[in-house]
Amino acid sequence: MLPQHPTRRELIRAALGGAAGLVLGAPRVFGAVQAKPDATGTERLADNLFVIRIPGETNVVAHTGNGGVLLVDGGSARAADALMKAVASLPGSGPVHTLFNTHWHPEQTGLNEQIGKAGKTIIAHENTRLWLAADVTWPWNGQRFTRLPKIAQPNKTFYTTGKLDGLEYGYIPDAPHTDGDMYVYFRQQNVLAVGDAMSGAGWPAVDWTTGGWIGGIVGGLQRLLTVVNDDTRIVPGRGPVLTLADLKTQYEMYAAIYERLSKLLNSGRGPSEAVAAQPTKEFDAKMGNPDEFVRRAFESLWAYVTPDA
Ligand SMILES: [Zn+2]
């Protein structure tokens, strides 16, 4: 059983207050392990649905129709020009009318200002808007993120689920990556975009500063299993398009890791001891060096399981 998902903001604040001084990890970018180099270009998933890959950037899903384009995630600000060029060259393309932010990270929200200034719709979970309206600092490497100007913040937020022109979207309250994670499901094409709630390229980043945690990875995968069917194609934030089999494999792997980390925590171990215990050992050959992931995943348990630690 997963612990009950607690009330978020007070809990996170409490955890940050307790843990912020203890987590001076190696200052390198986390979650950037690539299983294989991103192919440059666009992958067609259906007549009107595409994955756009700009090298080094997050996957962007583009849906064309009704004289315009809907995007799930917008890449980083530095990739905005390249992305808009790729969007313009899609068959049936037109102006972007809607942009989803699957969470607040800069790799998802770099197009927001341009879309907001054009008066178009930016949809996100309310928690994502709150993080984008605040300055955030990652305690593990000191990286700072400045709030977005009002015009670049999501202008249509939701709490649970929503529908729009034949697609369905929903919150992932388990908080696998942040506490604003969401999916977008294109039912007709049977394609599910999940942002960084799943990784297709190595170990995921657990951003516990803004609510993500290892129990949420397990709970989130469990939840996504109820959304997909045998033929659903799943587009993660990074890496290739995934299948139901990948989802099941990941679920089993993270459930095992979650249990091991919980045991380490309950026996009074700290993050370095958790890393030394090699709780991901049998997965490392496939997944890559786990140290940063294990450290962050362990720290994330502090925020959720022991808020008074
Ligand atoms: Zn992210």
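This section reports on the structure supplied with the text. Source: prediction; values computed, not measured.

A look at the pattern of salt bridges
And then number 1: Scanning the model with the defined rule gives 11 salt bridges in all.
And then number 2: Through salt bridges with shared partners, a single network forms among Glu292, Arg296 and Glu299.

A short note on the pairing of strand β4 (residues 68-72)
And then number 1: The element β4 is largely enclosed, with a buried count of 5 among its 5 residues.
And then number 2: Burial of the side chains of β4 extends over both faces: Gly68, Leu70 and Val72 are buried on one face and Val69 and Leu71 on the other.
And then number 3: When strand β3 (residues 60-65) meets β4, the two strands line up antiparallel, connected through 5 bridges. Looking at β4, one finds that valine 61 is bridged to valine 72.
And then number 4: This β-α-β element, β4 to helix α2 (residues 80-88) to strand β5 (residues 96-100), shows right-handed connectivity.

Considering the coordination of the zinc ion
Each pair of donors in an ideal octahedron of six around a metal sits at 90 or 180 degrees, and each pair in an ideal tetrahedron of four sits at 109.5 degrees.
And then number 1: Looking at the zinc ion, one finds its protein donor set to be His103 (NE2), His105 (ND1), His177 (NE2) and Asp196 (OD), positioned 2.1 to 2.4 Å from the metal centre.
And then number 2: Relative to the metal, the 4 donor atoms surrounding the zinc ion lie at angles of 89 to 172 degrees, and the coordination shape comes out irregular.
And then number 3: Between consecutive donor residues of the zinc ion, the sequence gaps follow H-x1-H-x71-H-x18-D.
And then number 4: According to the relative accessible area criterion, histidine 105 is buried, its value standing at 4%.

Concerning the sheet that holds strand β6 (residues 121-125)
And then number 1: Taken in spatial order, the 7 strands line up as β1-β2-β3-β4-β5-β6-β9 in an open sheet, and their pairing is mixed. Since the sheet does not close on itself, it has two edges, and those belong to β1 (41-46) and β9 (156-158), each with one partner. Across the sheet, the mean angle separating the axes of adjacent strands is 20 degrees when strand polarity is ignored.
And then number 2: Bridge count between β6 and β9: 3 bridges; the pairing is parallel. Looking across to β9, one finds that alanine 124 is bridged to threonine 157.
And then number 3: Across the sheet, α2 is in contact with β2 (49-53), β3, β4 and β5; its angle to β2 comes to roughly 150 degrees.

Observations regarding the environment of asparagine 66
And then number 1: Counting through the fold element by element, asparagine 66 comes out in the loop between β3 and β4.
And then number 2: Between the C-alpha atom of asparagine 66 and that of serine 93, which follows or precedes it by 27 residues, the distance is 9.3 Å.

Quick word on the packing of aromatic side chains
And then number 1: Applying the stated criterion across every chain yields a total of 12 aromatic pairs.
And then number 2: Relative to tyrosine 169, the ring of phenylalanine 100 lies with its centre 5.1 Å away and its plane at 65 degrees, an arrangement referred to as edge-to-face. With phenylalanine 100 in strand β5 and tyrosine 169 in strand β11 (residues 167-171), the pair connects residues that are 69 residues apart, well separated along the chain. For the pair phenylalanine 100 and tyrosine 169, a shared accessibility class is recorded, and that class is buried.
And then number 3: Among the aromatic residues, those joined into a ring-pair cluster are Trp104, Trp138, Trp140, Phe145 and Trp208.

Quick notes on the side chain of threonine 64
And then number 1: Note on placement: threonine 64 falls in strand β3.
And then number 2: In this structure threonine 64 comes out as buried when scored by relative accessible area, which is 6%.

A few points about the packing of helix α7 (residues 244-266) against helix α10 (residues 291-305)
And then number 1: Their axes nearest at 10 Å, the elements α7 and α10 cross at an angle of 65 degrees. On the basis of the axis angle, α7 is roughly perpendicular to α10. Remark: the crossing between α7 and α10 carries right-handed chirality. Of α10, the residues touching α7 (which contributes Tyr254, Ile257, Tyr258, Leu261, Ser262, Leu264 and Leu265) are Phe293, Val294, Ala297, Phe298, Leu301, Trp302 and Val305.

Topic: the environment of valine 72
And then number 1: Residue placement: valine 72 occurs in strand β4.
And then number 2: Judged by relative accessible area, which is 2%, valine 72 ranks as buried.
And then number 3: C-alpha separation for the pair valine 72 and glycine 237, spaced 165 residues apart in sequence, amounts to 9.9 Å.
And then number 4: Residues contacting valine 72, with those up to four places away along its chain left out, are Asn59, Val60, Val61, Phe100, Thr102, Val184, Phe186 and Ala193.

Some thoughts on α10
And then number 1: When the terminal C-alpha atoms of α10 are compared, their 21 Å separation across 15 residues agrees well with the 21 Å that a helix rising 1.5 Å per residue should span.
And then number 2: Burial runs high along α10: 12 of the 15 residues are buried.

Regarding the nonpolar core
Taken as a class, soluble globular proteins show a tendency for nonpolar side chains to be buried jointly.
And then number 1: If you look at the biggest cluster of nonpolar residues, it comprises 40 residues, and the most contacted ones within it are Ile214, Tyr254, Leu261 and Phe293.
And then number 2: If you list the elements that add at least two residues to this core, you get β12 (182-186), β13 (191-195), α6 (214-225), α7, α8 (271-276) and α10.
And then number 3: Here this core gets 9 residues from one element, more than from any other, and that element is α7.
And then number 4: With residues near it in sequence (within four places) discarded, leucine 261 still touches Ile214, Ala274, Pro279, Val294, Ala297, Phe298 and Leu301.

Calculation notes
- Residues numbered from 1 in each chain as written.
- Predicted model: local features only at pLDDT ≥ 70, side-chain atom pairs only at ≥ 80, totals over all residues.
- Heavy atoms only, no water.
- Salt bridge = Lys/Arg side-chain N within 4 Å of Asp/Glu carboxyl O.
- Buried < 20%, exposed > 50% of the residue type's maximum accessible area, 1.4 Å probe, protein only.
- Helix = DSSP H or I, 4+ residues; strand = E, 2+ residues; numbered from the N terminus.
- Pairing = 2+ DSSP bridges.
- Right-handed = clockwise from strand over helix to strand, strands pointing away.
- Donors = N, O, S within 2.8 Å, 3.2 Å for Na, K, Ca; no water.
- Tetrahedral: all angles 85-135°; square planar, octahedral: opposite > 155°, others 65-115°.
- Axes fitted to C-alpha atoms, helices over the stretch in contact; angles between N-to-C directions.
- Contact = heavy atoms within 4.5 Å.
- Phe/Tyr/Trp six-rings, centres within 6.5 Å; stacked < 30°, edge-to-face > 60°.
- Parallel < 35°, antiparallel > 145°, perpendicular 65-115°, else oblique.
- Left-handed = near helix turned anticlockwise from the far one by under 90°.
- Expected span 1.5 Å × (residues − 1).
- Core = buried A, V, L, I, M, F, W, Y, C linked by side-chain atoms within 4.5 Å.

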